[in-house]
Amino acid sequence: TLRQSARTDPEYRRTGMIVLPPFDAPAADAWLNEHGLGTESLPPAVADILPDARAGLWLGHVAQVRNPRILRALREACVSAGVAIHEMQEATGLRSLGERVSGIITDAGLWSADDYVLTTGAWSTQLLGSLSEKLPVRPVRGQMLLYAAAPGRLPCVVYRDGAYLVPRADGLILAGSTLEETGFDKSTTEQAFADIRAFVRSLLPDLADSEPVRHWAGLRPGSPDNIPIVARHPVLTNLYLNTGHFRYGVTMAPASAALLADLLLGRRPEIDPTPYAWPD
């Protein structure tokens, strides 16, 4: 649907994913059966590249998108729909009057609207200030490496014990990632570089011997049990939050947006909003 109104290809591809041991096989099988997915046969191409794959769990239904490209495509679709995007304006706080937000304070002036949606990720509590009471969102640093390989070198996503490899259509392979409680520090470290490289070497030794194209860090919006807050603010009646998705922001984005739209427009949500409410 997005491709109909955007020039950029987000590279949505159903590559499948292999989950390598250790994992709870009975729990995984029960979850798959509960959701009508079941198990599928392991493709020979995956078994040939990853010797441990035969002991893993093959999830052929798993798809991926390329994060920077889907962001560009979303921007193009929004602009074509008449949305105005104002960039490079630092939001420093909210101005409220009674139980309503009256404006967003930025370095370019005050922006006013009927309704407001806070999607500031790890910085959500900073922007809300004293209005962020009980909001359990914090920054969690994640470091990643990017490798260049021939297209098709790795046919699927690989996941093992919290670490993963994600192959892109042009041959780039994403390797990550760390989970670090370092506040708002986005610097990279030699230890993380070594740890991720060791993970890559355990699966694709020839790839690990090459120099990574890039090493960077980002800050995820951590939340208890990785459950986001998609809800109206408990005090300010025209302020909504969509934050705290931790490692799964892109994965959960479509459903989060649908739930948020239903709440904002006063429609009966198709998704039960209870688990994503503002914490008591």
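Structural data are supplied above this passage.
The model shown is predicted, which means the values in this text are computed figures rather than measured ones.

Cut-offs and rules
- Residues numbered from 1 in each chain as written.
- Predicted model: local features only at pLDDT ≥ 70, side-chain atom pairs only at ≥ 80, totals over all residues.
- Heavy atoms only, no water.
- Helix = DSSP H or I, 4+ residues; strand = E, 2+ residues; numbered from the N terminus.
- Rg over C-alpha atoms; globule rule 2.2 N^0.38 Å.
- Contact = heavy atoms within 4.5 Å.
- Areas by Shrake-Rupley, 256 points an atom, 1.4 Å probe, with all protein chains shown as cover.
- Lys, Arg positive; Asp, Glu negative; His and termini not counted.
- Charge placed at Lys NZ, Arg CZ, Asp CG, Glu CD.
- Pairing = 2+ DSSP bridges.
- Axes fitted to C-alpha atoms, helices over the stretch in contact; angles between N-to-C directions.
- Salt bridge = Lys/Arg side-chain N within 4 Å of Asp/Glu carboxyl O.
- Buried < 20%, exposed > 50% of the residue type's maximum accessible area, 1.4 Å probe, protein only.
- Core = buried A, V, L, I, M, F, W, Y, C linked by side-chain atoms within 4.5 Å.
- Phe/Tyr/Trp six-rings, centres within 6.5 Å; stacked < 30°, edge-to-face > 60°.
- Lys NZ or Arg CZ within 6 Å of the ring centre and 35° of its normal.
- Bend = angle between axes of the 7 residues up to and from the residue.
- Patch = residues over 30% accessible without salt bridge, like charges linked within 9 Å, V, L, I, M, F, W, Y side chains within 5 Å.

A count of helices and strands for the protein gives seven helices and 13 strands. Its C-alpha atoms give the protein a radius of gyration of 21 Å, within 12% of the compact-globule value 19 Å for 280 residues. With the C-alpha coordinates of the protein rotated into their principal frame, the extents come out at 65 × 40 × 40 Å. Of the contacts formed within the protein by residues at least 6 apart in sequence, a portion of 67% connects residues at least 24 apart. Here the protein displays about 15600 Å² of accessible surface, and carbon together with sulfur accounts for 54% of that area. Counting 26 positive and 31 negative side-chain charges, the protein places the centres of these two groups 5 Å from one another.

Time to look at the sheet that holds strand 8 (residues 157-160). The mixed open sheet is built from seven strands, whose spatial order is 2-1-8-9-10-7-11. With partners counted over all chains shown, the strands left at the sheet margins are strand 2 (57-59) and strand 11 (214-222), one partner each. When strand polarity is set aside, the average angle formed by the axes of neighbouring strands in this sheet is 20 degrees. Both strand 7 (residues 138-147) and strand 11 contribute to a ladder of nine bridges, which runs antiparallel. Pairing of Pro139 across the sheet is with Pro221, part of strand 11. This element, helix 5 (residues 190-203), spans strand 1 (17-20), strand 7, strand 8, strand 9 (163-167), strand 10 (173-176) and strand 11 of the sheet and lies at about 50 degrees to strand 7.

A few words now on the pattern of salt bridges. All chains considered together, the criterion is met by 13 salt bridges. We note a salt bridge from Asp9 to Arg3, for which the minimum N-O separation is 3.4 Å. By relative accessible area, Asp9 is classed as partly exposed at 33%. The network of salt bridges with common partners includes Glu11, Arg66, Arg69 and Asp170.

Grouped together as the largest cluster of nonpolar side chains are 22 residues, with contacts concentrated most on Ile18, Leu50, Val158, Leu165, Val200, Leu203 and Leu204. Mapped onto this core, the elements with two or more residues apiece are strand 1, strand 7, strand 9, strand 10, helix 5 and helix 6 (205-208). The element contributing the most residues to this core is helix 5, with four residues. Leaving out residues up to four positions away in the same chain, Leu50 has contacts with Ile18, Val158, Leu203 and Leu204. Among the nonpolar cores identified, the runner-up in size contains 15 residues, and Ile104, Leu118, Leu127 and Leu236 belong to it.

Enumeration over the complete set of coordinates arrives at one aromatic pair. Over the aromatic face of Trp216 sits the side chain of Arg214, whose NZ or CZ is 4.4 Å from the ring centroid.

Further remarks concern helix 7 (residues 249-264). Along its length, helix 7 shows its largest kink, about 35 degrees, at Ala255. Buried within helix 7 are the following residues: Ser256, Leu259, Leu260 and Asp262. Its buried side turned inward, helix 7 meets strand 6 (116-118), strand 12 (229-232) and strand 13 (239-243). Positive phi appears at Gly266, one or two residues downstream of helix 7, with a value of about 70 degrees.

The next point concerns a nonpolar patch on the surface. A surface patch of nonpolar side chains, amounting to about 230 Å² of accessible area, comprises Val79, Val83 and Ile85. One can find Val83 in the loop between helix 3 (67-80) and strand 3 (91-97). In this structure Val83 comes out as partly exposed when scored by relative accessible area, which is 42%.

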